[in-house]
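Chain by chain, the residues run as shown.
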Number of protein chains: 2
Amino acid sequence: MPGADVRHGNLMAGLPARQAEEQIERLIDRPTVRIERIVSTGQASPPGFWYDQADDEFVVLLTGAARLRFEEGSPGLDLKPGDWVEIPAHVRHRVEWTQADPPTVWLAVHRGGA
Amino acid sequence: MPGADVRHGNLMAGLPARQAEEQIERLIDRPTVRIERIVSTGQASPPGFWYDQADDEFVVLLTGAARLRFEEGSPGLDLKPGDWVEIPAHVRHRVEWTQADPPTVWLAVHRGGA
């Protein structure tokens, strides 16, 4: 085992069954950087909703599948495992759909104050 | 296609064949956060070498396999796909071995100034 201050885990461990809401687990939470595991089981952004985030976000799809949509540009971006996207602050986007089973697992790195 | 300012790619694309050095591709490079794809094809840290980094590092192993070793603690940490490790600044560590074929792909998030 590594030293006591070395945290570790597995992003595929403890995946929830299908549920109403996305599950977000915060792995790193610092003033300038937040790293999250997000598990989607079929969720999508509500109709007409657009994310408009203050922080830059780098997101990787690890398993499953999803489609992002951007307000500027069309018709969308289909994501498969290994795909990453850099979404600058205030680039309006939405999640059109996510694969439910097996679940869709994302790693998101939110960067503020940089 | 998304708007012109939305960069995207796939972490498994364009994997190099076995080579002498690790391949490091910088995906995000900001004052406080650097995100890299690292491809190892059998490399390990030189005998007696320990990383002693000024920045905190969050690393995920995406494919392949590897073993990390920490100066404090033993005997090491075997990594499989999906495994993540948070290595605080100045926690001395080394890479004992990496799987060469298929290659070992890491995503590393280096955080400084936070």
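This text follows the structure it describes.
Computed from a prediction, not measured in an experiment: that's the story for all the values here.

Colleague: What am I meant to see in the relation of the copies chain A and chain B here?
Modeller: Two chain copies here: they are related by a rotation about an axis and a translation along the same axis. When chain A is fitted to chain B, the best match, at an RMSD of 0.0 Å, comes from turning it 180° and sliding it 0.0 Å along the axis. These values place the two chain copies in the arrangement generated by a two-fold rotation axis.

Colleague: Explain the packing of aromatic side chains to me, please; I cannot follow it from the model alone.
Modeller: To describe a pair of aromatic rings, you give the distance between the ring centres and the angle between the ring planes. All names here are of chain A. The full count for this structure, using the stated rule, is four aromatic pairs over all chains. With centroids separated by 5.0 Å and ring planes inclined at 85°, the aromatic side chains of Phe49 and Tyr51 adopt a geometry described as edge-to-face. The ring of Trp50 has Arg94 lying over it, and the distance from NZ or CZ to the ring centre is 5.9 Å.

Colleague: Would you mind going over the pattern of salt bridges with me for this structure?
Modeller: Oppositely charged side chains can pair when the atoms bearing their charge come close. Per the stated rule, a full pass over the model turns up 28 salt bridges over all chains. The closest approach of N and O atoms between Arg37 of chain A and Glu25 of chain A, which form a salt bridge, is 3.6 Å. With Arg37 of chain A in strand 3 (residues 33–40) and Glu25 of chain A in strand 2 (residues 23–29), this pair connects stretches of sequence that are twelve residues apart. Residue classification places Glu25 of chain A among the partly exposed positions, given a relative accessible area of 36%. Asp56 of chain A is the salt-bridge partner of Arg30 of chain B, the closest N and O atoms lying 2.9 Å from each other. Taken together, the positions of Arg30 of chain B in the loop between strand 2 (23–29) and strand 3 (33–40) and Asp56 of chain A in strand 4 (residues 56–63) put the pair across two chains. Overlapping salt bridges bring together Arg26, Asp29, Arg34 and Glu36 of chain A as one network.

Colleague: Honestly, the nonpolar core in this entry has me stumped. Any pointers?
Modeller: Within soluble globular proteins, side chains that are nonpolar generally end up buried alongside one another. Grouped together as the largest cluster of nonpolar side chains are 26 residues, with contacts concentrated most on Ile35, Phe58 and Leu107 of chain A together with Ile35, Phe58 and Leu107 of chain B. Breaking this core down by element, the ones donating at least two residues are strand 2, strand 3, strand 4 and strand 9 (104–111) of chain A together with strand 2, strand 3, strand 4 (56–63) and strand 9 (104–111) of chain B. Excluding residues that lie within four positions of it along the chain, Phe58 of chain A makes contacts with Trp84, Val85, Glu86, Leu107, Ala108, Val109 and Arg111 of chain A together with Leu27, Ile28, Ile35 and Leu107 of chain B.

Colleague: Could you clarify how one ought to interpret the sheet that holds strand 6 (residues 77–79) of chain A in this entry?
Modeller: Each strand in a sheet pairs with another by means of backbone hydrogen bonds, the pair being arranged parallel or else antiparallel. Residue and element names in this part refer to chain A. Pairing in this open sheet of three strands is antiparallel, and the strands run 6-5-8 from one edge to the other. The open sheet terminates on both sides in strands that have one partner only, identified here as strand 6 and strand 8 (93–98). Strand-to-strand, the axes of this sheet are offset by a mean angle of 25°, without reference to chain direction. Bridge analysis of strand 5 (residues 66–70) against strand 8 gives five bridges, and the strand direction is antiparallel. Bridge pairing in strand 8 links Ala66 to Thr98.

Colleague: Sorry if this is basic, but what is going on with the interface of chain A and chain B here?
Modeller: Reports of interface size often rely on the accessible area that becomes lost once the parts have come together. The interface of chain A with chain B comprises 40 residues on the first partner and 40 residues on the second. Each partner contributes to the roughly 3,400 Å² buried at the junction of chain A and chain B, and carbon and sulfur atoms together form 66% of this total. Inspection of the chain A/chain B interface yields twelve residue pairs in polar contact (both at pLDDT 80 or more). Secondary structure elements with two or more residues in the side of chain A that touches chain B: strand 1 (7–10), strand 2, strand 3, strand 4, strand 7 (83–87) and strand 9 of chain A. The residue inventory of the side of chain A that touches chain B, partitioned by class, reads 22 nonpolar, nine polar and nine charged. Bridge analysis of strand 7 of chain A against strand 1 (residues 7–10) of chain B gives four bridges, and the strand direction is antiparallel.

Criteria and cut-off values
- Residues numbered from 1 in each chain as written.
- Chains lettered and ligands numbered in written order.
- Predicted model: local features only at pLDDT ≥ 70, side-chain atom pairs only at ≥ 80, totals over all residues.
- Heavy atoms only, no water.
- Least-squares fit on C-alpha atoms with pLDDT ≥ 70 in both.
- Phe/Tyr/Trp six-rings, centres within 6.5 Å; stacked < 30°, edge-to-face > 60°.
- Lys NZ or Arg CZ within 6 Å of the ring centre and 35° of its normal.
- Salt bridge = Lys/Arg side-chain N within 4 Å of Asp/Glu carboxyl O.
- Helix = DSSP H or I, 4+ residues; strand = E, 2+ residues; numbered from the N terminus.
- Buried < 20%, exposed > 50% of the residue type's maximum accessible area, 1.4 Å probe, protein only.
- Core = buried A, V, L, I, M, F, W, Y, C linked by side-chain atoms within 4.5 Å.
- Contact = heavy atoms within 4.5 Å.
- Pairing = 2+ DSSP bridges.
- Axes fitted to C-alpha atoms, helices over the stretch in contact; angles between N-to-C directions.
- Buried area = accessible area lost by both parts, 1.4 Å probe.
- Polar contact = N/O pair within 3.5 Å; in protein donor to acceptor, adjacent residues only side chain to side chain.
- Nonpolar A, V, L, I, M, F, W, Y, C, P; charged D, E, K, R; others polar.

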